[in-house]
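# Residue-level structural notes
So you can see what is in the structure, the chains are spelled out below.
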Amino acid sequence: MSDPILIATRGSALALAQANLIAAQCRATFPKLRFELKIIKTTGDKLQKASMANVEGGLPKGLFTKELEVALVKGQADLAVHSLKDLPTDLPAGLILVATPKRADVRDVLIYRDAGFIKTRAADKASEDWTPGQDALRGFKPQTKLKDFPKGATVATSSTRRKAQLLAVRPDLNIVEIRGNVTTRMQKVAERAELDATVLALAGITRLNFTISADGKLHGDAVPDGLLATVLEVDVMLPCVGQGAIGIEIRADDERLVKICERLNHFNTLKCVTAERAFLHGMGGGCQSPVAAYAEIVGEKMLMRAVSFHHGPARCAEGKRPIKEAIELGEQLAAELK
């Protein structure tokens, strides 16, 4: 039997979910080939307890991707699966972004405590799940929007893009740092009275098999009890470049992998993220840059919106070009906002 094709991935729950999704597509499309996961710990994984804004010397490029790319270059892996928002726009020599499966929902989600749940728990302090101090937790009604939060409410996020857009809508909010994976952040909001909410990507929540019911409740095996969620529309919170997309990276000279990955690619998604990444490259920023961009196919054209907070207040731009001019569209909006 031939050697397996090694799929490099991080070991976080979300990264594994995404890698398993790609592996399943590979196995279904190429049943005679063997595909195996190779879990690699990245710099970002090692810095999970550090502040994203206060790493000495600034954040290294490729925080969640460098070690996977080293494995590709050294031939220790055949393809790497990334959350595309984490992948720098400048790739190492000899590596290419070859494919992106169909993009998931690009929107962000506001996560906060359920006032009704807290009230019910407070009425039954004999519950074995009750812990001292929980009666100090503040909750909110289902479908609470950003504008409905009380003055000075505390929202936790480590994203400069999210922070800037939150403050653009609600300058009175208190924005604080938060670290950890998706479930860890949810747990912190559920348990810590000093936090009122956090913001997460809807795509990540969905890929972890968490769901938001019609009444706004958040469900899932690892979801703490008593959390609600409100989806933030893109006119309130424009997504980061590549949000909701999975990127597949390989060695440029590996013709066999090029052909395999072509079968995994979604044309419109790749074109849209190409425009967004061209914008980010033009702005000279990385994944923690205070910019956002979202491209979508509308008829025979590509429409793209972008915002930058590089020079203080929000500066917005919008453009439309033929789909084949994805890179030019991204560069155009970057030129307008620089």
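Below: a short report on this structure. (Residues numbered from 1 in each chain as written. Predicted model: local features only at pLDDT ≥ 70, side-chain atom pairs only at ≥ 80, totals over all residues. Heavy atoms only, no water.)

## Observations regarding the side chain of Glu-249
- Tracing the chain through its elements places Glu-249 in strand β12 (residues 246-251).
- Put simply, Glu-249 is tucked away with no salt bridge, and the nearest opposite charge, on Arg-277, sits 7.3 Å away.
- A polar atom in the side chain of Glu-249 sits 2.7 Å from the side chain of His-82.
- Those residues in contact with Glu-249 that lie beyond four places of it in its chain are Glu-69, Leu-72, Asp-78, Leu-79, Ala-80, His-82, Leu-87, Leu-91, Pro-92, Leu-95 and Ile-96. (Helix = DSSP H or I, 4+ residues; strand = E, 2+ residues; numbered from the N terminus. Buried < 20%, exposed > 50% of the residue type's maximum accessible area, 1.4 Å probe, protein only. Lys, Arg positive; Asp, Glu negative; His and termini not counted. Salt bridge = Lys/Arg side-chain N within 4 Å of Asp/Glu carboxyl O. Polar contact = N/O pair within 3.5 Å; in protein donor to acceptor, adjacent residues only side chain to side chain. Contact = heavy atoms within 4.5 Å.)

## Comments concerning helix α8 (residues 255-262)
- The complete set of buried residues in α8 reads Leu-257, Val-258, Ile-260 and Cys-261. Viewed along the axis of α8, the buried residues span an arc of 165°, placing them on a single side of the element. Exposed residues pointing more than 90 degrees away from the buried face of α8 are listed as Glu-255, Lys-259 and Glu-262.
- The secondary structure elements touched by the buried residues of α8 are β1 (5-9), β3 (79-83), β4 (95-99) and β12. (Arc of directions from axis to C-beta.)

## A closer look at the pairing of strand β2 (residues 35-39)
- Two elements, β1 and β2, share five bridges in a ladder whose sense is parallel. Pairing of Leu-6 across the sheet is with Glu-36, part of β2.
- Taking the sense of rotation as the criterion, the β-α-β connection linking β1, helix α1 (residues 13-29) and β2 turns out right-handed. (Pairing = 2+ DSSP bridges. Right-handed = clockwise from strand over helix to strand, strands pointing away.)

## Some points on the sheet that holds strand β13 (residues 291-298)
- Pairing in this open sheet of three strands is antiparallel, and the strands run β13-β14-β15 from one edge to the other. Across the chains shown, the open sheet's two edge strands, defined by having one partner strand only, are β13 and β15 (315-322). Adjacent strand axes in the sheet meet at a mean angle of 15° when their direction is disregarded.
- Relative to strand β14 (residues 301-308), β13 is paired through eight bridges, and the arrangement is antiparallel. Residue pairing for β14: Val-298 is matched across the bridge by Lys-301.
- The strands touched by helix α10 (residues 326-337) are β14 and β15; relative to β15, the strand with the most contacts, the crossing angle is about 155°. (Axes fitted to C-alpha atoms, helices over the stretch in contact; angles between N-to-C directions.)

## A few points about α1
- With 17 residues, α1 should cover 24 Å at 1.5 Å per step; its first-to-last C-alpha distance of 24 Å lies within 8% of that length.
- Taken residue by residue, α1 has Leu-14, Ala-15, Gln-18, Ala-19, Ile-22, Ala-23 and Cys-26 as its buried positions. (Expected span 1.5 Å × (residues − 1).)

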